[in-house]
Amino acid sequence: MKLLCAIYFLFLSVVAHAQELRIQKAMAGDVIHAYYKQLLIMALEKNANGRVVPILKENSTYEQGRATSQVLEGQQLDIFWVGTDIQRETELRAIRIPLDRGLLGFRRFIIHKSMRAQFDQVESIDDLKSMVGCQGLNWPDTLILRNSGLRIKEVAGFESLFQLVVAKRCDYFPRGIAEANIEISERAEKYPELMVYESLIVHYPFTIYFFVNKKNEELAQWIEQGLEKLINSGEFYTYMQSHPFTASTIPLPTEQSVRYLRLPNPYLSADTPVDDSKYWFSIPN
């Protein structure tokens, strides 16, 4: 009898774990986290096909390199979303559908308000080479920006990036076009010295993917097929148009006052279909 009870409770534990996906914990008021979390739920529900949709359990917040290790080791995270590069796609199972249609590769700068006149003079990538940008540790963008000769300082701790711009130890902090205004709005009282410089957009092919452990192929296909169904039905684009994270960035700016500067991204897989308008935005003509 005791053996049967032990087996039964073990079974319940396995089932409970199978119906749960561990994800990163949101920061307070994190509309960006909410966008990706809800998109994951939508993909799981769209392609459930009678399966029980897992409950998303939020664990601790991790720096990007640590989050990669957690998924790779199958420990505190089952899935996470992060900017992609060749190394991450080698280590983990990437679900290679851009979760933001490449908006992350359209970068606006968070700057100190006193620097505005200097950024008004920036007309080329060469003009940026005398300035210093800030990036977080293990962010794929760092290599992309340095590849074009830009000076980039890596910083531990997300909030520290804003603080260094306030202290003028960094001249700019590049953020995705959908991220910048939200993050500055959330910190308006804390850092009144900061602003989003809206007249310059640096673009390189880059996006956010969902990543899971390579052993979890069934989950990867479930999500991948769910995202494809959302795209084909038009629900994916409608979601982007309506969500407070992305709504204000669609369509991309076309005003003559906005300068677009292009950078290559040699750290993106060569077979990434960045010209496929089904999945990716491109610079407006």
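Scroll up to find the structure this text is about.
Report on the accompanying structure. These figures come from a predicted structure and were not determined experimentally.

## Re the overall build of the chain
- Summing up its helical and strand segments, the chain has 11 helices and 11 strands in all.
- In terms of overall dimensions, the chain is globule-like: its C-alpha atoms have a radius of gyration of 20 Å, near the 19 Å expected for 285 residues.
- Over its C-alpha atoms, taken along the principal directions, the chain stretches across nearly 80 × 40 × 35 Å.
- When burial is assessed residue by residue, the chain has 51% of its 285 residues classed as buried.
- In the chain, the proportion of contacts linking residues at least 24 apart, taken out of those at least 6 apart, comes to 77%.
- Roughly 13800 Å² of accessible area belongs to the chain as shown, and the carbon and sulfur atoms make up 53% of that amount.
- The average position of the 31 basic charges and that of the 34 acidic charges among the side chains of the chain differ by 3 Å.

## Concerning the layout of surface pockets
- Approximately 900 Å³ is the volume found for the largest pocket.
- Along the wall of the largest pocket there are 37 residues; nearest its centre are M27, Q64, W139, F158 and R175.
- Here the lining of the largest pocket gets four residues from one element, more than from any other, and that element is strand β3 (residues 79–83).
- In terms of residue class, the lining of the largest pocket is built from 20 nonpolar, seven polar and 10 charged.

## Digging into the packing of helix α2 (residues 31–46) against helix α11 (residues 235–242)
- Orientation of α2 relative to α11, taken along the N-to-C sense of each, is 155°, at an axis distance of 12 Å. In terms of orientation, α2 lies roughly antiparallel with respect to α11. Helix-helix and strand crossings are classified by hand; for α2 and α11 the assignment is right-handed. Residues A34, Y35, Q38, L39, M42 and K46 of α2 form the contact with α11, whose participating residues are E235, F236, Y239 and M240.
- Of the residues contributing to the contact of α2 with α11, the split by class is seven nonpolar, one polar and two charged.

## A word on the environment of P54
- Relative to the elements of secondary structure, P54 occurs in the loop between α2 and β2 (55–58).
- Note on P54: relative accessible area 9%, which makes it buried.
- In sequence terms P54 and Y267 are 213 residues apart; their C-alpha atoms lie 33 Å from each other.

## Considering the pairing of β3
- Most of β3 is tucked away, with five of its five residues classed as buried.
- Where β3 and strand β10 (residues 208–212) come together, five bridges link them in antiparallel fashion. The residue bridging G83 from the neighbouring strand is I208, located in β10.

## Looking at the sheet that holds strand β8 (residues 173–176)
- Spatially, the four strands line up as an open sheet ordered β8-β5-β9-β11, and their pairing is mixed. Pairing within the sheet leaves two strands with one partner each, and these edge strands are β8 and β11 (259–262). In this sheet, neighbouring strand axes are inclined to one another by 40° on average, regardless of whether the strands run parallel or antiparallel.
- Of the pairings in the sheet, the one linking strand β9 (residues 194–203) to β11 comprises four bridges and is parallel in character. Each bridged residue has a counterpart across the sheet, and for I201 the counterpart in β11 is Y260.

## Points about helix α3 (residues 64–72)
- Of the residues making up α3, those classed as buried are Q64, A67, T68, Q70 and V71. For α3, the angular spread of buried residues about the axis comes to 160°, placing them on one side.
- Its buried side turned inward, α3 meets β3, α4 (86–91), α7 (140–147) and β10.
- After α3 finishes, the residue G74 shows a positive phi value of roughly 65°.

Analysis parameters
- Residues numbered from 1 in each chain as written.
- Predicted model: local features only at pLDDT ≥ 70, side-chain atom pairs only at ≥ 80, totals over all residues.
- Heavy atoms only, no water.
- Helix = DSSP H or I, 4+ residues; strand = E, 2+ residues; numbered from the N terminus.
- Rg over C-alpha atoms; globule rule 2.2 N^0.38 Å.
- Buried < 20%, exposed > 50% of the residue type's maximum accessible area, 1.4 Å probe, protein only.
- Contact = heavy atoms within 4.5 Å.
- Areas by Shrake-Rupley, 256 points an atom, 1.4 Å probe, with all protein chains shown as cover.
- Lys, Arg positive; Asp, Glu negative; His and termini not counted.
- Charge placed at Lys NZ, Arg CZ, Asp CG, Glu CD.
- 1 Å grid on protein atoms, 1.4 Å probe; cavity = no way out; pocket = protein on both sides within 12 Å on 5 of 7 lines; lining within 4 Å.
- Points joined across faces, edges and corners; volume = space filled by probe spheres on them.
- Nonpolar A, V, L, I, M, F, W, Y, C, P; charged D, E, K, R; others polar.
- Axes fitted to C-alpha atoms, helices over the stretch in contact; angles between N-to-C directions.
- Parallel < 35°, antiparallel > 145°, perpendicular 65-115°, else oblique.
- Left-handed = near helix turned anticlockwise from the far one by under 90°.
- Pairing = 2+ DSSP bridges.
- Arc of directions from axis to C-beta.

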